[in-house]
Each structure stands twice: as C-alpha cells, then as structure tokens.
There are 4 protein chains.
Amino acid sequence: MHHYQWAKTPPMGWNSWDCYGASVTEDEVKGNAEYMAKYLKPFGWEYVVVDIQWYEPGANSSIYRPFVPLEMDEYSRLMPAVNRFPSAKGGKGFKPLADYIHNLGLKFGIHIMRGIPRQAVHQNTPILGTNVGARDIADTNSICPWNTDMYGVDHRKEGAQAYYDSLFQLYAQWGVDFVKVDDIAASKLYGTHTEEIKMIRKAIDRCGRPMVLSLSPGPAPLDHATLFVENANMWRMTDDFWDRWELLYDMFERCYKWCKLVGPGHWPDADMLPLGHIGIRSVDGGGTDRMTRFTKDEQRTMMTLWIIFRSPLMFGGELRDNDEWTLSLLTNEEVLHVHQNGYGARQVYRENDHVVWTSQDAEGNQFVAMFNISEKRSVVSVSLKDLGCMEPMKARDLWAKEDLGLVKHQLAFELGPHQSILVKLSPAVGKGL
Amino acid sequence: MHHYQWAKTPPMGWNSWDCYGASVTEDEVKGNAEYMAKYLKPFGWEYVVVDIQWYEPGANSSIYRPFVPLEMDEYSRLMPAVNRFPSAKGGKGFKPLADYIHNLGLKFGIHIMRGIPRQAVHQNTPILGTNVGARDIADTNSICPWNTDMYGVDHRKEGAQAYYDSLFQLYAQWGVDFVKVDDIAASKLYGTHTEEIKMIRKAIDRCGRPMVLSLSPGPAPLDHATLFVENANMWRMTDDFWDRWELLYDMFERCYKWCKLVGPGHWPDADMLPLGHIGIRSVDGGGTDRMTRFTKDEQRTMMTLWIIFRSPLMFGGELRDNDEWTLSLLTNEEVLHVHQNGYGARQVYRENDHVVWTSQDAEGNQFVAMFNISEKRSVVSVSLKDLGCMEPMKARDLWAKEDLGLVKHQLAFELGPHQSILVKLSPAVGKGL
Amino acid sequence: MHHYQWAKTPPMGWNSWDCYGASVTEDEVKGNAEYMAKYLKPFGWEYVVVDIQWYEPGANSSIYRPFVPLEMDEYSRLMPAVNRFPSAKGGKGFKPLADYIHNLGLKFGIHIMRGIPRQAVHQNTPILGTNVGARDIADTNSICPWNTDMYGVDHRKEGAQAYYDSLFQLYAQWGVDFVKVDDIAASKLYGTHTEEIKMIRKAIDRCGRPMVLSLSPGPAPLDHATLFVENANMWRMTDDFWDRWELLYDMFERCYKWCKLVGPGHWPDADMLPLGHIGIRSVDGGGTDRMTRFTKDEQRTMMTLWIIFRSPLMFGGELRDNDEWTLSLLTNEEVLHVHQNGYGARQVYRENDHVVWTSQDAEGNQFVAMFNISEKRSVVSVSLKDLGCMEPMKARDLWAKEDLGLVKHQLAFELGPHQSILVKLSPAVGKGL
Amino acid sequence: MHHYQWAKTPPMGWNSWDCYGASVTEDEVKGNAEYMAKYLKPFGWEYVVVDIQWYEPGANSSIYRPFVPLEMDEYSRLMPAVNRFPSAKGGKGFKPLADYIHNLGLKFGIHIMRGIPRQAVHQNTPILGTNVGARDIADTNSICPWNTDMYGVDHRKEGAQAYYDSLFQLYAQWGVDFVKVDDIAASKLYGTHTEEIKMIRKAIDRCGRPMVLSLSPGPAPLDHATLFVENANMWRMTDDFWDRWELLYDMFERCYKWCKLVGPGHWPDADMLPLGHIGIRSVDGGGTDRMTRFTKDEQRTMMTLWIIFRSPLMFGGELRDNDEWTLSLLTNEEVLHVHQNGYGARQVYRENDHVVWTSQDAEGNQFVAMFNISEKRSVVSVSLKDLGCMEPMKARDLWAKEDLGLVKHQLAFELGPHQSILVKLSPAVGKGL
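The residue numbering used here restarts from 1 in each chain and proceeds along that chain's sequence as written. Written order determines the labels here, with chains lettered from A and ligands numbered from 1. In keeping with the predicted nature of the model, local features appear solely for residues at pLDDT of at least 70, side-chain atom pairs appear and are counted solely at 80 or more, and the whole-chain, interface and lining totals rest on all residues. Values reported for side chains reflect all heavy atoms of the structure, with hydrogen atoms and water molecules removed beforehand.

Caption draft 1: Representation of the overall build of chain A in the model. Here a strand is any run of E in DSSP of at least two residues, a helix any run of H or I of at least four, and the numbering for each starts at the N terminus. Looking only at helices and strands, chain A has 13 helices and 21 strands in total. When we talk radius of gyration, it's over C-alpha atoms, and the globule rule is simply 2.2 Å times the number of residues to the 0.38. For chain A, whose C-alpha radius of gyration is 22 Å, the value lies close to the compact-globule estimate of 22 Å for 433 residues. Each principal axis of the C-alpha atoms in chain A carries an extent, and together these give about 75 × 40 × 40 Å. Scored against the burial criterion, the 433 residues of chain A give a buried share of 64%. Within chain A, counting contacts between residues at least 6 apart in sequence, those at least 24 apart form 73% of the total. Of the roughly 15100 Å² of accessible surface on chain A, 49% is carried by carbon and sulfur atoms. Throughout, exposure labels follow a simple rule: accessible area from a 1.4 Å probe, protein chains only, divided by the maximum for the residue type, with under 20% read as buried, over 50% as exposed, and the rest as partly exposed. For this analysis, residues touch if any pair of their heavy atoms sits within 4.5 Å. Working definition of accessibility: Shrake-Rupley area with a 1.4 Å probe, residue cover restricted to the visible protein chains.

Spelled out as structure tokens, the structure:
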C-alpha cells in the first residue's frame, strides 16, 4: 500500500472544528498555523486543517444552514467562500493559503463532504473531462442525514470516478496535504460508503500528490476493518468526541476493539483533542465558549490513551489561547516518543475500571499506561510478568520526567478517579544499578 | 372519526399504475373511466385514480427520471403536466378532468408523494398564506429512497401544516375524492412518517371536501396500527403487489396479521389487482406488456382473499382490454356482496397450506373461503363447529352461483394447487328442506 | 370464540407476586381471599391468583433458586409444595384451596411457566396417556432466560399436545378458573412462543372448565396481535410493572398502541397494580418491604388509565394491610362503572405530555380522562368537538363524585405534575338545565 | 502472548467430523493417525482431532440424541465412552489414545462443548478442588441452541474458573495438544461468549502443557477481533463448511474481511476441508456417504484460498480412502510452502468475480492466487504494478510445478468457472535470463 508512506507515524496537527465549527476564517487559520510553527513544530506537529463548509459564505457557527447556495466552480466543485478566505479570490482556491502554510514548514489539510453538491445536481452542471452532468452521477438514494450540501455519487455511473478525479486534481493544484472526508465511514442512514471510499482512494493515487486520507465520522464498523486499513490513513473509531467524561470513558473500549489494526500508515482515530479554548463559535458537544471542561487529570488521561494507542493527535482548541498547562500537554518529548515510536500496543487487563495498556519500542523499552477510570481512588497495579518482562526494569514517569527506581515484580500506583500514569520501563541489566 | 363516513365499505376502483406506470395520459384516464361507468359502476366500482408523477412532463414508463424539473405553481405545489393532461392548461389543474369523471357518476383520485418538491426547496419558493419559503419547512433528513421528487416536511417548523393545508385546499378546488399518499406508511429509510400522516389528516379535515385517504407503500408496521386506523381510510399491508404467486402466497399471512384492525372506514389494503392487460408502460414487477401472469385459479384465489378479508379493490389493468373472464371477476354480485356486507373476517385455521377464512353478514349468512395454497391437489375441509355454526346450513358456491345442498357437519372440497372456493352458508331452519 | 364468554369484562382480582414474590403460602392466600370476599367482592373483584413457583418448597423471595428439585407428580406435572400449601397433601393439589375460595364466592387462579420441568426431561418421566416420556417432547432449544424450572415443549413432537392436555385436565379437577402462563408472550430469547400458545388454547378448550387465559410477560409484540386476540383473554403490554413513575409514564404509549385491540373477552393487560403494602418478600422492582412508592396523584393516574383503557385490574399488595385511601381506589363504583361498561376507548390527543382519553357507555354517557404527565403544573383542556360531542353536556368528577355543571365548549382543569381527572359527560338535553 | 508459540504456522491435521459426525471410534481414529504418520507427516500434517460427543455412548451419526445420559467422572467432567474408546476403560480417559498418537510422531486433539454437563448441574455433582457443586456455577441463561449436553458456566460464580482449571488439568494429564471448543465463538442465541473464552485461556495457561486453542462455530464477529486474536490460536470465520459451491464462494468475502488479523499464533479459520470420502456417518451439509461433491477445479480453488490466506488446514475425509488426486492436494510441497511461509496476504482486487490474492515470503518471492469464481470462462489478469512488483519476475505454476517464464507487465490466465491458479513470482534480476 503505497499511501502508507505518507503517514508512517500517526499524524499530528490542528483542526478548526472544536473552536470555530463551520465558520473558521483565513486569519484564524493563519494565526493558528503561526503558533504551531513557533511552538509545536519542533515536537512533530505539522498539519493545519480547515474543517467543514469553507464553501459556505454564511456559515457562522457549527449549525449548518440547510439548502443554502454554496460557492462552486463551473465543474460542480465547491470553492472557498471568498468573504471568509480572501486569498481565494479570482478562482485561486486554497492555493495561496496552502502556500502560506507550506512556507511556515507545515502541511495543509481540508475537510470535504462525500459526494456532489445538491445544487450542482439540480442545475445539472458539468463534470470536468466528461460529457455527463452532475445529475447523471448523483446517487438517487444517498444523502447525509445531518447536512444538506451534497448527494452521494453512484460508482456505477459513467463519470463518477471522473468527478472524484477532478476534485483531487484541483486539491493537488492547491497543494493540499491532508483530506478529511466526512459522512463516509459511518453514515447514520446507510452504513459505510465503501464504494465512495474506493473511488476517493483511486482519485488520490492518481492525483500525483501525497495526501493523507482521514475518514469520518465514526464509529467506523469493525466489520469493514480491511477496507479502512487498505484505503485510508486514519478513520474514526467514534462519533464526534467532546470534553465529556462519558465519551472519554467509552474510548477505552473502542481502543481495545481496534488495537490489532493499528500500524504504519493506517491509524484508527480517537478524534480531535478538545483541549484549551474551544467552543468559540462551535455549539456542538453541549458547550459554549470555554476552556475545556476536562479536569487536568482527565486531560492527561486522554493524552495518555491517545498516545499509547497511537491515535492521530489533532488539537481542537484555539492554539493562540493556550495556557502553559495546555501547551505542556503537547510538548513533552518523552511522552511523544511513545506516540511516534511505540508499537504493539495492547490492553494488558481491565478489571473494575482499572485499565493497563502497554507498548514497546525498538530499543527494548516498554511503556506502561495505567488508568483509574473508576470513581474512587485506588491502587492500580500490574506485574512485570503480565507485561511480558522477564527481569527487573528501571522505571520512569514520563509526564513528570522523573525516575522511579528499579522495579522487580510489579508496578503499583495509587490513582485518583480519572487519573493515570505513563511509565517507561528500561532494561536494568548492566546499567550498574 | 368523522372521515370513517367516507369509506364505510372498502373502496373499489381503478388505478393507472399497473398498466401505465408513471406515464398515464388524460385520454387513457378518460377511456378507463368511461368503461367503468358503463360496465362496472352498477357493481359498486367508483374511483378512478391517477397514480404517481402526473406532474412530470417527461415520464414515459414506471422508471423515474431523477432530479428533473417538475411542473409547479408559484406556491411550491406540483401541477399536472399539460403535455400529458391538456385540460389542465392555464393553471386549471385537475379540475376539468375531475368534472369529466364526476359527470360519469364516478369519483376522482390522485396520487401524491409525501413532502415538498426538492426544486421548491432549493429555489426557496413561497408557501401559500405564510411568510416562509419551502426551504424553511423542508426536513433536512427526509428523502424518499426510490424517487427524487420531494423532501419531507418537518412538522416542527412554522408553515409546515400551512403547506399541507394549501395542497388539500387546491385538491378540494379541483374536486378530488381520493388521495393516495406515497412514501409514508413504510419508508424504507426511516420507518413510518407518523407526523406527516397527522398533518395530512388535519389538512383533509380542514379542506371542506370528503377525500378518502390511502397510505403507501407497505408493509405498514403493525406497531403503528392505532395511527393507521385513526388517521387513514386504507393503508398498505404489503410492498407493491404484482402477478407473482409468491406475493399472493405471502398475502395470506399479511391478512391474518391485520384482520383484527379491519372495520368501517379503516381498511388494511392488499394493493391493486394486477389483472387483465398490464405492464403496458410499466416495467415494475418483473414483467412487460402482458395479460396477467396469474392463472385463472390464482386470479380467483386472489379475488376471494381480497373479498373475504375486505381489502379495497383497485383494478390495475387497462379496463378497455378486459376479456370476458376478467370482467366476470369484477361483476359477480353474489361475491361482491361478501366484500360489501361481510364482517368479522377471521382465519379459521391454516395447516399444511390449507387455509380457511370465514365472515358473516347481518342477515345470518356465513361466508367461507377455502384455499389450497400448497403445491398439490388435496381435500380442504372445515367443520361447522369450527366455523361456529350450531346447525345444518344450506351451502352455495358463490363464484359458480350454484347451490351445493345441505351441510350437516363439514364442508370439504378437492382443490387443485392455488385453487379456492367461496361458499355461502345460510340457515336451513324452517326452510322446508 | 367461545372463551370470550369467560371474560366479557376485564378481569379484576388479586395476585400474590407484588407482595410475596415466589413464596406465598396457603394462609396468606386465604387471608387475602377473605378480605376480598368481605370488602371488594361487591365491587366486582373476584380472582385470587397464586403466582409463580408454588411447586418450589424452598422459595422464599422473588429470587429463584436455580436448578433445585421441584414437587412433581408421576406424570411430569408440577404439584403444590406441601410445606407451603398444607391442604395439598396426599396428592390433592390445589383442590382444597380452590374449594375454599369458591366457598367465599370467588374464583381461583394459578400461574404456570410454559413448558415441562427440566427435571422431568432429564429423568425422562412419563406423559399421561401416551407412550412417550418428557425427553421426547422437550424442545431442545427452548429455555426461559430468567428461570430454570422448565424446557419448552415442541409442538411437532408426538405427545406434546397430550402433555398440555394432561396439565389442564388436572387444573380442571382442582377447580382452577384462571391461568397466568409465563415466559410465553414475549420471551426475551426467542420472541413469542406462538405454537405453545395455541397448544394451551386447545388444552383449555378441551378440559371442560372455563378458565381465563392470561399471557406473560410483555411487552407482547403487536406483530402477533391476531394471535393474542384470538387465543388469550389477556396478555401483557409491558414487562413487569412496578411503582416507578417512568414505568407509568411509558404505559400511556403502550395503551395508545394497543387500544384498537381491546374488546369483550380479549384485554391487553397493563399488569398488576403495585398499590398498598408490597415488597414483603418480593425484591423485584428495586424496592423492599414498603407502602407503594407512587404518590396519591400517581396512584389515581394509574387507576384512571387502567380504567379508561379497560386493562384487567389485579391488585398486587397485601390486601389486609390496606389503608382507607388504598381501599378507596378499589371501591368507587362510579369509577368502576367506566371500567366495566365503557367501550371504544381512544386517546383524543397527546401534546406536551398532556394526554386526554375518552370512552363511552351504551346509555349515551361519555367518559373523559385527562392527564398531566409532564413535570409542571398546567391547564389540560379538551373541546367537546374533539371528543365528538355535538351539544352541551353535564359533567361529573367521578373520583370526587361531584357534579361540575354544564359544559358548553370545553373541559379544562389545572393539574399538577402526574395528576389526572376522570370526568363523566352526560347529555344535558331535556334535563331542565 | 506466550501461546502464540504453539502455533507459529497455521495448524494442519485431521478431524473426524466430516466423515463420522459425533460417532467416531478409537479404531477409526487410530487408522487415520496411522495413515497420516505414513503419508502426510513429512509434509507438515500433525494433529489428529476427535470431534464432538466422544462422551456419548449412543452417538451414531451427526444427529445428537437430546438429554441422554453422558459418561462423566465424579467431578462433573465428561469422559470418553468406553464402548467407543475401549482404551479409556478404568478411568484412563484419552491417555492411552494420546500416547498411541504421540508414538506415531503426531499430536492429539479433542473437541469440547463450552460449559458444564446439564446432568451434573441437575445432580449437583462436585467441582474438583472446591466446596461448590455444578449447580452453583452453571449460568442460568446459557444453553447451546443445537445440542443439549451442557449449560454455560457463569464467570462471576466462585468455582467457575476452578471448573475449567480442572478440565484442562485432566486434558494435560491425558496429553492433549489441541482443543477445539464449540458453541463459544458465535453462539446463535447469545453472541460471543467472551468470558468463557477468557476462563479457558487462563485454564490452558495454567495447565502446564501447550495446547492449541481452536474456537467454534462461526461466523465469529469481527467486533470481537481483539478478543479472538489475544486468546485463541484459531477461530472460525464461518458456520460449518461443506462441499457446496455457495459456501466456498462466500469464503472469499470472509477471508477478505479477516485478512488483517492473520499472524503467527492467531489464525482465522475457514473450517475443515470436506475432501475425499466424507459423510460416512455424518448427515450434515445435506449429503450422505460420498466422495466430496466439489469438482477438481473447486477442490484446488478451495485449497488455494486456504493456503494463500493461511487458514488452518484440517482434513475432513476418511484418510484411508484417499485416491491419488486427493492425496496430491495434501502433499505438494511447493504449494504448502506458501501456507507455511507466506505472509501479508491481501486481496489485490475483486471485480466481476475475478479475484486475485497475493502474499510473499522472506526470500523475496511473491505468491499470486488468481481465481475465476464467476460462472463463465474468462481471462483473469493482474499487473505487476498492482502486485507491488517493480521489475520483471520469473513465474512458476505451483500446483503444476511448471515454470511459466518471465513476466514483464502482467499475469493473465484463461480460467474456467470456479477454476484458479497459484503462481510463484521470483526476482529475475541477475539470474541470467
């Protein structure tokens, strides 16, 4: 799978949804990109992603205005709304913004909805490089249940693949590095749109530019695991994730179910990190303009799970409003080492809402994430034997960057509710302890 | 329930779908109406129904052309295509055709799709008597999976009821007596559209003209039995019925399941009778232009089941091409007496695909329908005791119009595969036998 | 349907489950019967029903002891545990207890589990009047998911009907008047056990003694409505009902769904009335020994719904511990008139958790039940027109037994949360108002 | 995962089910073992597995006799029926037979049903090493829907793990090397029995002897992929597989869905190979005593799919009746090399029922399986590019053991319906071609 090369480690970046919903503007994107270049790039963060409805001039929150006219070119392709992205004027699309971001040493991503604009279908506008019109390729039974912009595309129709090819050809011209395709991994009406996933895979492979492919929303069904693994770089294990404990609690089970499908180039995705300043113009997730509702313990627990499991890391908050604590979550190089170099992550056990995961790296280190996701303070422990370690190991608390000494039989920590710890175990032999 | 008065017995009529699909013309409607007035009216047949897409100028079979422009007035209401219904020109709608049919002593019916035209929604055309547009009342997650004409209407939106009111006000002006509403009783995507059924019920009650309300398609779920019984005059127990034995075989189970919900004004519907010359421009049901594929035995079996159960009777063939046999199925007054006057129909038993049903009338007669729906010739029998008859009865074969003599203990007939018999039992007491 | 004669009005009685679980004793049954004879019989209450596991010597609560030996005769039939029902000694079964209850002018009922005892199957004990053993008729894939006493009986096996015949022959000898069959209307593992229902119907019809047939548990699926209506006298619309508001709130929807299937001899059942002193040795329903957790408003609301809908009324508490209030709920003859003589009950409307039902009697009275099942005090109203009344009516509050004067246009009452009122409307014409 | 060591390559062996159903005898097992030792062992075949109901003295086909007494020891553990396995007399169990097979240089396997014998539960016999009885640990809602021998075991009960420990302790004493546990991977009543799988895993790990764990029946749900991968060595992707084309046709989809979960120690299982002489005393699969109904093309197609996918290979026929053709399917060392050494198997494409799979080995060879599973003869082709080969390759037909020359761009073969070919591609560089 050629495209695995483009995401050998789980992608890291920023996405506009959690703070700006469907309404982010060019200035805001640039501002966050600049922050990333300055503070996060050294730690591996690189993608700057414009989420949904950049083609909707009137978008002003995370609530979609139904059936309204959208910015579109003469070939049925949606274009950035110039009032929101001034550099797109004159048909230049996202090329100028992508250039700007590339100049910062970062990569540029966009969100699209599966399918073809309904307005194109009803007007029967042309498909580039074909003799057919939008009406000819639209699937007559394929809508998104939560957004009225598009109809699905029927892969059996002549011109269907050509339409997707024309889209990604355009995105390649713009310089897009990452595409998040929505309403495709787990449509709430129709299941997984397997044929459109395959058309998009083919269109990317043909477009001549590497683009990471991310599929939404979830929960993607395991029954289609092969399809996701082979065609996408990341796909959502979950519906939209927000700063609510129940959702974080559920993620442990989701990670367990998907952990055997994690690997270089194909990453089950636990969704964006709703950290820092979010909800600025997004009203989803039951919140308003706020600092994340997660406690500090919960924030670390979330980061620790995403990291040991190797979920992609896409920060959801307004980066420029980060406080020191929030920034510290994103810039701990010892912790991020586990994310970028760990492999073979598995849940060692889960009992009474004590959960232990482990992974390892190529240098013989083993990583242990220990979680108390119950509602009472208690001691969480795990034996070296259950971790598969044969000998005493040196332990280090990675978040605290503190050595914990030699471990002979087991790790055990008293953890508060929702608290966790991430430990690195290194071979003690010959180290003069 | 006031509207029960409008269909005290199960409706009888003709519908254009089985012969002409979505493409019937004014001349064809008139021709069939004239035939009905001449040959069938004396036997109780009265409704002449124009089925789906009379507003689609290019309709030419039973295959819908997706996303094409439809004939519509300035208030988002679909209008007859003048090329197909010339009398509708000048905005007169179906008024002239309805008048024509009324002058024959018959009643006029139309088919509509639930919802509001998608073209109205995307153009945001006005809703009569309101300040809102089509875009404001369309349901953002409500399409028909097999036809692209409409969006559903969201009952929570201001103007939603007003739209339906404006529709039925127009139909009342036209002189419509019967409305078959489609994509509503058993949507294949969303279940039953309960709130749109209620809006339509209310709109009819307000429109000032009696109109029989028929809901399609099926199978309507029994879980919503109360809703159907209270709001509609008839509703489909089945998906589209065609001249295939499997479908007829299945209808026995459907009738069994619904038989306790049959009553004056509310009639579970076994769908149109695909008899005589059908498939002229309809390609549904797996057939082409043909005389019905049902054998004569099967035709009688179908008629007998519809009649004892009291399904509405809507003939589906081109009436003018009826042969003598076909006409005989529609004009046996002794058989039709059971349909119009029988009550309390129930399945006495079903064993090894021998099926016996019974009903009675107010004069003390009892009707017995005996079916052999197995694949081998055999004797089907039923005891008077199981029929609830206490004494010997006189028997008469209603299709043959022949007396069968006195029955003391049981009825028993040798029936071929798919064959049936309809018997009337009358009290023998004091009749000088 | 012959058996409709045995329950022309909805049955009224007492059942041991809500107070004693699986463990009621002969003395307790007699004590409640005596109370009923003295205080309730004049109001129509008549059935005294011994609920589950009277054949289990060690039963002491509502928790079943799995796999324990049961009292059984030589023909694989369960017998009363003599330690709990001393009069059953010497193989006399429930005959002495039934006689005792009959002498009080009441009727006697028992509960049974569908099927044949597992211990009979593993021991292969005989089936009366056959050459087969229990092992030959047991269904190899048919258990009850919540009780280990029985295997289902396979109707295709020779001897299956004979077994059920032998059971009801025994119950007829005992003098049983009412049988509640459990694990049959809505098995949580297998759906509805349609064939065992039919075998039981046949066995009762053959046994020579009228017995009301009650089917449990629910929710019985509407898809089998015909089966229930034709074979049983009552069947549960709901899983076990307890004194929790959520369950009462849900019952409104259940009654709406089933209201078209209510009629003489066949009664959808809202389950026992958990009133007065309950939970004495029953720990189901999340409670312990207590007076009902329903408020007085909720108790009246429950009674009013059961009464207008015409659910069977089976009191669940220890009758001898009734206080005056509880007794008053069971002995209001004006209210009970609605239960015994109302017909055509229907929900007039439900909006914002204001619910109005109506029914009528043969003398031209109309009954109106108005409920506020929301969480805030508000005015609930209904117009005479929506009730189908053409003229002014005299109104009377039936619970309070107070005249409310003449109603010209509408009824309207301010009702607290969970409160209701039951009104009788009588024609005012010629009454000199 | 320690137990991965015990099945580093997919297990190969013989199983008694397809020929003898539930009724195989010691002599038959020995005879097949001897054949294997002589003809198949050199090719890697090693397991000899006694399938279901070796504890049922009266078993004589593949139809289970319900509720009959089973051979059992004093600790609720089933024992071989001595009339069928004479060497088991005197409580020796399968020890003598296992010894015999080990002496042939082979390994010995048995089948068990999940759970504890129902007869033990009803008699409440003891659990070894505990104070509890069978009645205390049986799950009150857990049967097998197609066999009446056992109840499930409730992991929450004290003694539950001890029971499974006692079972595997006994099997270790006998010398069992392979256990196929049935009614556990995809119960038709309850889904997957996750907790009993974990108890069995633990019991094996504790028993002190390596035993391959095989889970049945299928289709195992992908939603539990992690559980299967972590706890079992093989698990069924399918319900019972027989010699019917439809089942083989379906297997292509099953293999596609599971292919990302294949790996050393954990093997999704396509079920036994119904080849050669089968149905001798088994009547499942709709057949009788016969040579396999698969055509030779279908037999090769089946073998080729199992081999490229790396399903376990368990031969189902009476080995001693193998003809030369059948034997040739099991003894082609070039083909078996793909099974034992291939990795990374994936479906390259599937279009119009042309299917191509590929895998590779560590020496740089690539294997290509090309299938025509349509009903018409046609050319099936695949490009080197789609196979991921960058350069010309040398091709060899592995079944025919014939070189096919140099391939520059694509492989293309004309294949009849149900026909296939298995090709090895080797780097041509520097080989002097």
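Caption draft 2: Just the interface of chain D and chain C, in detail. Contact with chain D, which involves 20 residues of that partner, is made by 20 residues of chain C. Accessible surface is computed with a 1.4 Å probe, and the buried area is the amount of it that two parts give up when combined, taken over both parts together. Between chain D and chain C, a total of about 1700 Å² is buried, with carbon and sulfur atoms accounting for 66% of that surface. With seven residues, strand 5 (residues 138-144) of chain D is the largest single contributor of residues to the side of chain D that touches chain C. Among the residues making up the side of chain D that touches chain C, the classes are represented as twelve nonpolar, five polar and three charged. Asp, Glu, Lys and Arg are counted as charged, while Ala, Val, Leu, Ile, Met, Phe, Trp, Tyr, Cys and Pro are counted as nonpolar; the rest, among them Gly, fall into the polar class.

Caption draft 3: Representation of the pattern of salt bridges. We count a salt bridge whenever a side-chain nitrogen from Lys or Arg sits within 4 Å of a carboxyl oxygen from Asp or Glu. Using the criterion set out here, one finds 120 salt bridges over all chains in the structure. With a shortest N-O distance of 2.9 Å, aspartate 73 of chain B and arginine 77 of chain B are connected by a salt bridge. Classification of aspartate 73 of chain B as buried rests on a relative accessible area of 14%. On the basis of relative accessibility, which here comes to 8%, the residue arginine 77 of chain B falls in the buried class. A salt bridge links aspartate 239 of chain D to lysine 188 of chain D, with the nearest nitrogen and oxygen atoms 3.6 Å apart. Remark: lysine 188 of chain D occurs in the loop between strand 7 (178-182) and helix 7 (194-207) and aspartate 239 of chain D occurs in the loop between strand 9 (234-236) and helix 9 (245-258); sequence separation between them is 51 residues. By relative accessible area, aspartate 239 of chain D is classed as partly exposed at 33%.

Caption draft 4: View of the pairing of strand 21 (residues 419-427) of chain C. As paired strands, strand 16 (residues 366-372) of chain C and strand 21 of chain C are joined by seven bridges and run antiparallel to one another. Among the inter-strand pairings, valine 368 of chain C is bridged to a residue of strand 21 of chain C, identified as valine 423 of chain C. Two strands make a pair as long as DSSP finds a minimum of two bridges between them.

Caption draft 5: Main features of the domain arrangement of chain A. Residues and elements named next belong to chain A. Delimitation of the domains relies on an automatic or database domain assignment. Split into domains, chain A comes out as domain 1 (1-330) and domain 2 (343-425). For the pair domain 1 and domain 2, the two sides together bury roughly 1900 Å², of which 65% comes from carbon and sulfur. Of all residues in domain 1, the largest losses of buried area upon contact with domain 2 belong to Phe252, Thr304 and Ile308, amounting jointly to 34% of the total for that side. At the surface where domain 1 touches domain 2, the tally comes to zero salt bridges. For this analysis, a polar contact is any N or O atom pair within 3.5 Å, provided that within protein one partner can donate a hydrogen and the other can accept it, and provided that sequence-adjacent residues contribute only side-chain to side-chain pairs. There are seven residue pairs in polar contact (both at pLDDT 80 or more) connecting domain 1 and domain 2.

Caption draft 6: The environment of glutamate 402 of chain D, seen in detail. Residues and elements named next belong to chain D. As for its placement among the helices and strands, glutamate 402 is situated in strand 19 (residues 402-407). Once the C-alpha coordinates of glutamate 402 and methionine 36 are considered, the two residues, 366 residues apart in sequence, prove to be 27 Å apart. The residues touching glutamate 402, leaving out its near neighbours within four places in the chain, are Arg396 and Asp397.

Caption draft 7: Local environment of the relation of the copies chain D and chain C. Residues below a pLDDT of 70 in either copy are left out; the C-alpha atoms of the rest, at least 70 in both, set the least-squares superposition of the copies. Take chain D, turn it by 180°, move it 0.0 Å along the axis, and it overlays chain C with an RMSD of 0.0 Å. With respect to symmetry, the two chain copies, as superposed, fit the operation of a two-fold axis. Minimal C-alpha distance to the rotation axis in chain D is attained by leucine 189 of chain D, lying at 3.6 Å. Same-surface contact between copies: 100% of interface residues of chain D are shared with the interface of chain C.

Caption draft 8: Here's a closer look at the sheet that holds strand 6 (residues 147-153) of chain D. All names here are of chain D. If you walk across this open sheet you meet the three strands as 4-6-5, and the pairing is antiparallel. The open sheet terminates on both sides in strands that have one partner only, identified here as strand 4 (116-117) and strand 5. The strands that helix 6 (residues 160-174) touches are strand 4 and strand 6; relative to strand 6, the one it contacts most, it runs at about 125°. An axis is simply a line fitted to the C-alpha atoms; with a helix, the fit covers only the stretch in contact. Between two such axes, the angle follows the N-to-C directions and lies from 0 to 180 degrees.

Caption draft 9: Just unusual backbone geometry, in detail. Residues and elements named next belong to chain C. In this model, glycine 218 is joined to proline 219 through a cis peptide bond whose omega is 0°. If you trace the backbone, proline 219 turns up in the loop between strand 8 (212-215) and helix 8 (225-231). Backbone geometry at aspartate 353 places phi at a positive 60°, although glycine is not the residue there. Inspection of the secondary structure assignment puts aspartate 353 in the loop between strand 14 (343-351) and strand 15 (354-360). Here histidine 418, not a glycine, exhibits a phi torsion of approximately 70°, which is positive. Following the sequence through the fold, histidine 418 ends up in the loop between strand 20 (410-415) and strand 21. Residue classification places histidine 418 among the buried residues on the basis of a relative accessible area of 10%.

Caption draft 10: Highlighting the interface of chain A and chain B. Every contact between the two is made by 20 residues of chain A and, on the other side, 20 residues of chain B. When the buried surface of chain A facing chain B is broken down by residue, Phe67, Arg135 and Thr140 of chain A rank first, second and third, together holding 38% of it. In this assembly, chain A and chain B are joined by zero salt bridges. At the junction of chain A and chain B, the tally comes to five residue pairs in polar contact (both at pLDDT 80 or more). Looking at the side of chain A that touches chain B, the elements with two or more residues in it are helix 4 (118-123), strand 5 (138-144) and strand 6 (147-153) of chain A. Per-element tally for the side of chain A that touches chain B: the top contributor is strand 5 of chain A, with seven residues.

Caption draft 11: Structural view of the relation of the copies chain A and chain B. When chain A is fitted onto chain B, the two copies agree to an RMSD of 0.0 Å after a turn of 180° and an axial shift of 0.0 Å. The fraction of interface residues of chain A whose copies in chain B are also interface residues reaches 100%, indicating that both copies meet through the same surface.

Caption draft 12: Region of interest: helix 12 (residues 333-341) of chain B. Among the residues of helix 12 of chain B, Glu334, Val335, Leu336, Val338 and His339 of chain B are the ones counted as buried. With a side-chain oxygen lying 3.0 Å from the backbone nitrogen of glutamate 334 of chain B, the N-terminal cap of helix 12 of chain B falls on asparagine 332 of chain B.

Caption draft 13: Layout of the sheet that holds strand 10 (residues 267-269) of chain C. All names here are of chain C. Taken together, eight strands build an open sheet; the order of strands is 10-9-8-7-3-2-1-13 and the sheet is parallel. Only two strands of the sheet have a single partner each, and these edge strands are strand 10 and strand 13 (313-315). Ignoring which end each strand starts from, the neighbouring axes of this sheet average 25° apart. Sheet topology places strand 3 (residues 107-113) next to strand 7 (residues 178-182); five bridges connect them, and they run parallel.

Caption draft 14: Quick look at the packing of aromatic side chains. Put simply, two rings from Phe, Tyr or Trp (the six-membered ring, in Trp's case) pair if the centres are within 6.5 Å, and we call them stacked under 30 degrees between planes, edge-to-face over 60, tilted for the rest. Tallying each qualifying case throughout the model produces 84 aromatic pairs over all chains. The interplanar angle of 45° and the centroid separation of 4.9 Å between the aromatic rings of phenylalanine 67 of chain A and tyrosine 151 of chain B together place this pair among those described as tilted. Here the residue phenylalanine 67 of chain A occupies a position in the loop between strand 2 (47-50) and helix 3 (95-103), and tyrosine 151 of chain B occupies one in strand 6 (residues 147-153), the pair thus bridging two chains. The same class applies to phenylalanine 67 of chain A and to tyrosine 151 of chain B, which are both buried. Ring centres of tryptophan 54 of chain C and tryptophan 174 of chain C lie 6.1 Å apart, and the angle between their planes is 80°; on these two criteria the pair is classed as edge-to-face. Residue tryptophan 54 of chain C is found in the loop between strand 2 (47-50) and helix 3 (95-103), and its partner tryptophan 174 of chain C is found in helix 6 (residues 160-174); the two are separated by 120 residues along the sequence. A network of ring pairs unites the aromatic residues Trp54, Tyr55, Phe85, Phe94, Phe108, Phe168, Tyr171 and Trp174 of chain A as a single cluster. Charges are assigned to positions over rings by a cutoff of 6 Å between ring centre and Lys NZ or Arg CZ, combined with an angular limit of 35 degrees from the ring normal. The positively charged end of lysine 30 of chain C is found above the aromatic ring belonging to tyrosine 100 of chain C, 4.8 Å away from the centroid.

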